[in-house]
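# Per-entry structural report
Chain by chain, the residues run as shown.
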Amino acid sequence: MHYVIHCLDHDGAVNKRLDHYEAHKAYLGAAAMKTVISGPLMADDETTMIGSCFVVEAATLAEVEAFNHSDPFAKAGLWKTVSIRPFLKRVDNR
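Heads up: these notes are all about the structure in this document. The model shown is predicted, which means the values in this text are computed figures rather than measured ones.

The rules behind each value
- Residues numbered from 1 in each chain as written.
- Predicted model: local features only at pLDDT ≥ 70, side-chain atom pairs only at ≥ 80, totals over all residues.
- Heavy atoms only, no water.
- Disulfide = S-S within 2.5 Å.
- Salt bridge = Lys/Arg side-chain N within 4 Å of Asp/Glu carboxyl O.
- Helix = DSSP H or I, 4+ residues; strand = E, 2+ residues; numbered from the N terminus.
- Buried < 20%, exposed > 50% of the residue type's maximum accessible area, 1.4 Å probe, protein only.

Turning our attention to the state of the cysteines. Applying the stated criterion across every chain yields a total of 0 disulfides. With no disulfide of its own, C7 lies closest to C53 among cysteine sulfurs, the gap being 8.1 Å.

Pasting the structure below:
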């Protein structure tokens with residue numbers, strides 16, 4: 001099953017995000033969880049990072065929750081809100 005993880009940062013958290021960016025990238029690169037796609041969410045100015053979005057593949061919601069809770073961004077308290085939902089992929093035009 002695919003899952004979407006949608007995270008919004010606390011206001012004004014760009015520097016905190018940048019402080020933990022390398023650890024976050026290393027975590028994603030070493031994770032056993034398959035990341036289908038991921039990247040930062042952007043503000044309307046299209047340059048300021050304000051959150052994170054992931055599509056991951058896992059057997060259970062509990063696995064995805066554990067994966068998310070262990071992310072260096074989560075441990076640093078970067079995210080104000082986190083939403084994790086099952087996702088049924090219908091179209092992939094890649």
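In this section: the pattern of salt bridges. Under the defined criterion, the tally for this structure stands at 5 salt bridges. With a closest N to O distance of 3.5 Å, E22 and K25 form a salt bridge. One end of the pair is E22 and the other is K25, both in helix α2 (residues 21-30) and 3 residues apart, which spans about a single turn. The exposed category is assigned to E22, whose relative accessible area is 53%. The salt bridge partner of R94 is D92, with a shortest N-O separation of 2.4 Å. Shared partners join several salt bridges into a network, and the residues in it are K89, D92 and R94.

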